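Chain and residue survey
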Amino acid sequence: MDCSSRFILECPKATLVSGYDPNSIYDNCKCYQECAKSTDSHISKVKTLEEDSDVSFCVGNEEIDCIRFKIAALSRPLKAMLYGSFKESKSRKIDFSLTGTSVEGMRAVDLYSRTRRVDLFPPEVVLELLSFANRLCCEEMKSDCDIHLASLVSCIEDALILIEYGLEERANFLVASCLQVLLRQLPSSLYNPKVTKMFCSFEAKERLASAGHASFILYYFLSQVSMEVNTVSNVTVMLLERLRECAAQKWQKALALHQLGCVLLERQEYASAQCCFEAAAEASHVYSLAGNARCRFKQGQRYSAYKLMSSVISEYKAVGWMYQERSLYNVGKDKIDDLNTATELDPTLVFPYKYRAVLKAEEKQTTAAILEIDRIIGFKLEPDCLELRAWFLIAIEDYGCALRDVRALFPLDPNYRMFDEHISGEILIEFLNLKVQQGSQVDCWMQLYDRWSCLDDFGSLAVIHQMLVNDPGKSLLRFRQFLLLLRLNCQKAAMRCLRLARNLSSSEHKKLVYEGWILYDTGHREEAIARADESISIQRSFEAFFLKAYILADTSLGPESSYVIQLLEEAIRCPSDGLRKGQALNNLGSIYVDCGKLDDATNCYMNALEIKHTRAHQGLARIHFLRNQRKAAYDEMSKLIEKACSNALVYEKRSKYCDGLMAKNDLNMATRLDPLRTYPYRYRAAVLMDEQKDNEAIKEVSKAIAFKPDLQMLHLRAAFYESISDLKSAVCDCEAALCLEPNHIDTLDLYNKARGT
C-alpha cells in the first residue's frame, strides 16, 4: 500500500518496522519527510527552469515575482486586470497588500500558476489558495483545492475544522467529504456539540443548502438515527424541524409532520403534536389520524378519539392497526373484539397478545396467559414479551423457565431494564439463581447440545448467556449467539454479537473469520472470501473453510459444487465441536442432493444425526421424496416434529410430503405457530383457485400481503386478478411488485398483458 498520511501511526511501511515507541505516534513518517524534501527540490527546480518573471506582486514589504500570462490564465478577472484597460496592465509591480493574501499564499499562487499542482503545499496554504480562488473566480484552482482538501479529511476533528472552510468557500467536495466522516461516526457523533450545531440550527441548514448538501434524504436519515438514540431529545426535535423545512413534495411534508408529531407526543406536548398530525392528515397521511386520536385521548377526549378512529375504519380499507388503535379508547367486550380483529387482520401486532395475556393473568389464568404470550414469541422475538412471560412463570413458581427467558433477553438488548425500567435484569437473575441449581461450564455445554438438537433457540441463548457470565471474554460463545440470533431473525442484535466476537478474539485467524462474516452479512462477498483465504493461510480451521464454502454455496453452484464439497470436507477434518460439524455435514448433504449424489447425501445426514444435528431429518426426508418414497419422507419429518414440536418450518416442510386434509392441517399448524410464513397462504390460495373459488383465493393471499407484501405474494395475487379479468387490480399489484424488483421477468410479462401492451 502507498502511504497517504503524514503520521507514522498511519504509514503502512512504518508498521513493518519492529518495536513501538508510544511517544512517536504523532511524528511524521519517513515517506512524508521524503515527499517534503522532494517537494522542496521540485519548487527550487521550477524557480530556476521557468521563464523569467515579468511582474511582481507586493504584499507588505515582500515582492513575489510571477509570470504575467500564467497569472492571467488563472481567471477572467485576473486576465482583465493584467491585460485590460486597468493601470495594472502597464505596471511592473502590483500592490496586493489589501487583498487579504499573505506572502506564503501569493507565493503558492505563483507556483500553482506554473505547475497547476496544490499537493506541494501544506493544508493551511491550500485553504488560503481556496479563498484566493473564490475571490478572484479561479475556477480550476478552486476545484483542485477542493478535491485535494477533501482527500485530507480522515477523522471527525478534521471534518469539524475543514467543513467550516468548505461552507464558507462553498467547496462542495470538501463539505461532502466532511459529511461522510461525520455520518460514518453516527450515532456517537450526534453527541458532539459541534456536530449537533452543524446540523440542527436553521442557519446551519441554510449553509449546507448553499453548498448543495442539505436535503430531505440527509435530514430524514439523521432524524431516524436520533430517534433511535433518544426519541424525546431536543436534537431529535430540531432535526425533524429541519426535515420539515427541506420537504418539497407533498408526501415529504406529510411524513416530516407525522414524524415530528410522534416525537412531540412522546414528549407529552399534546397540543403541538395534534397540530402536526392534523397538518399531516390534511396532506393525506392517513396514519396521522391515529396520532390525532391519541392526542385527543391524552387530553381527556376519549369519545372524540373513539369517533375519529371509527371514521377511519369506515372510510378506509380496514387493517389491523386501525382496530388496535381504536381498542385503546374502547372498554370491556368491545375492546377485546377490536384486539381480536386486529390480530386476525395483522398477526404481527404485539400489543393485542400482551393485553390479552395480562388480562388472563389478572383473572388468575396464568397458564392461559403464558400460552397467549407464547403465540407472539414463537415468531416475533420482542424483549418486553420475554420479560412478561418471565413474570408469569415466576407467578406459577417455574423459576427455571423464568431464568431462561431473562437470560435470553440480554443478547437482544444488553442494557434492558425490567419492571418498567425500575430494576436491572442482573438483579432478577441473582434472585432466580437462588431458586435454580446452577451447573458447571461442562454441564452448560451438555445443556447447549440438548437444546440445540431440540431446536430450542431461546434455551440455547440462555445457556450461552450463563456460560458468558463465567467466561465473558470467550469469542466463540459470542459467535454462537450470532448464529442463534440470525436464526431468530434478530439481525441487529446478531451483528452486535458478531462484532463483539471479532473484538474479543485472541487469535488473528479467528478474527479474520469473524470479519469475513461481517463483510458477508453486509453484502461484501468477495472481501469475505478474501478474509477466509487469509485465515486459512495462517491456520487451517473449521470456521474458515466453512465460511468460504457457505459463501460460495449461497449462489447457484454449477461447476463450483465440487470445490464447495472439497471445502466442507476440509472443514470436517479440522478440530471442532459436534454442533458445528453437524451443520457442515448437513450443508454437505444438501450439496450432494443438488448434484444428484443421493447415497453420499444419505451418509452425510446419518453422520449428522449421530452427533445430534436434528435438522438432518429434513435432508433425509428430501432424499426419500426424490426416491418417490413419500411415506418415508413424511415419517422422517414426523421424527423431527417429535423433537421440535413448536417449529413452524418443520410442519410446512412435512406438508409437502402428504396430500389433502393432512397437508391442510400441517399448514394450518404452521400458520398458527408463525403467521409470517407465506407458503401456507400461497398453497391454500392455489387450492381455492383450483376449486374455482376466486374471491376466497384472493382473500387468502391478501391476508399475507397485509403484513408481508413480498414479490411472490403480489405477483400471485396479480395473476389471480388477471384470471378473473380485474385488470385494474392486476396492474396495481404488478406495479407494487416491480417496486420491489423492477426487472422481474414474470411480473413484467403479466404487467404488459394486463395493460394490453
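Not measured: the values here are computed from a predicted model.

Digging into the packing of aromatic side chains
- As enumerated under the stated definition, the model contains 21 aromatic pairs in all.
- Look at F625 and Y657: their rings are 5.3 Å apart centre to centre, the planes differ by 45 degrees, and that puts the pair in the tilted class. Here F625, found in helix α35 (residues 616-626), pairs with Y657, found in the loop between α37 (648-655) and α38 (660-673); they are 32 residues apart in sequence, far enough to count as distant.
- Here Y657 falls in the buried class, since its relative accessible area comes to 11%.
- Among the aromatic residues, those joined into a cluster by ring pairs are F479, F482, Y514, W517, Y520, F542, F546 and Y550.
- Just above the ring of F546 sits the side chain of R580; from NZ or CZ to the centre is 4.7 Å.
- The ring of Y679 is capped by K656, whose NZ or CZ atom sits 4.8 Å from the centre of that ring.

Comments concerning the packing of α37 against α38
- Packing of α37 against α38 brings their axes to within 8 Å, and their N-to-C directions diverge by 160 degrees. Relative to α38, the element α37 lies roughly antiparallel. Between α37 and α38 lies a crossing whose hand is left-handed. Between α37, through A648, Y651, E652, R654 and S655, and α38, the contact on the second element is made entirely by A663, D666, L667, M669, A670 and L673.
- Of the residues contributing to the contact of α37 with α38, the split by class is seven nonpolar, one polar and three charged.

Let's talk about the UniProt feature "domain: BTB" (unreviewed entry) in the protein
- Residues given the UniProt feature "domain: BTB" (unreviewed entry) here are residues 53-153.
- Annotated as 52% helix and 13% strand, the span residues 53-153 places its first and last C-alpha atoms 36 Å apart.

Looking at the state of the cysteines
- Under the counting rule described, the total for this entry stands at zero disulfides.
- There is no disulfide at C444, and the cysteine sulfur nearest it, in C401, is 16 Å away.
- Overall, the relative accessible area of 0% leaves C444 in the buried class.

Digging into the packing of helix α40 (residues 694-707) against helix α41 (residues 711-723)
- It is the contact of α40 with α41, at a shortest axis distance of 10 Å, that shows an interaxial angle of 155 degrees. One way to sum up the angle between α40 and α41 is to call them roughly antiparallel. Seen along the crossing, α40 lies across α41 with a hand that is left-handed. For the pair α40 and α41, contact is made by A697, I698, V701, S702, A704 and I705 and by M713, L714, L716, R717, F720 and Y721, respectively.
- Among the residues making up the contact of α40 with α41, the classes are represented as 10 nonpolar, one polar and one charged.

What to know about the UniProt feature "repeat: TPR" (unreviewed entry) in the protein
- Here, UniProt's "repeat: TPR" (unreviewed entry) annotation points to residues 582-615.
- The straight-line gap between the two end C-alpha atoms of residues 582-615 is 9 Å; of that span, 76% is helix and 0% is strand.

Observations concerning the sheet that holds strand β1 (residues 55-59)
- Pairing is mixed across the open sheet formed by three strands, whose spatial order is β2-β1-β3. At either end of the open sheet lies a strand with only one pairing partner, and these are β2 (62-66) and β3 (93-95). Across the sheet, the axes of successive neighbouring strands diverge by a mean angle of 30 degrees, strand direction being ignored.
- On the sheet, helix α4 (residues 103-115) packs against β1 and β2 and is oriented at approximately 5 degrees with respect to β2.

Scoring rules and cut-offs
- Residues numbered from 1 in each chain as written.
- Predicted model: local features only at pLDDT ≥ 70, side-chain atom pairs only at ≥ 80, totals over all residues.
- Heavy atoms only, no water.
- Phe/Tyr/Trp six-rings, centres within 6.5 Å; stacked < 30°, edge-to-face > 60°.
- Helix = DSSP H or I, 4+ residues; strand = E, 2+ residues; numbered from the N terminus.
- Buried < 20%, exposed > 50% of the residue type's maximum accessible area, 1.4 Å probe, protein only.
- Lys NZ or Arg CZ within 6 Å of the ring centre and 35° of its normal.
- Axes fitted to C-alpha atoms, helices over the stretch in contact; angles between N-to-C directions.
- Parallel < 35°, antiparallel > 145°, perpendicular 65-115°, else oblique.
- Left-handed = near helix turned anticlockwise from the far one by under 90°.
- Contact = heavy atoms within 4.5 Å.
- Nonpolar A, V, L, I, M, F, W, Y, C, P; charged D, E, K, R; others polar.
- UniProt positions renumbered as here; feature names shortened; annotations may be inferred.
- Disulfide = S-S within 2.5 Å.
- Pairing = 2+ DSSP bridges.

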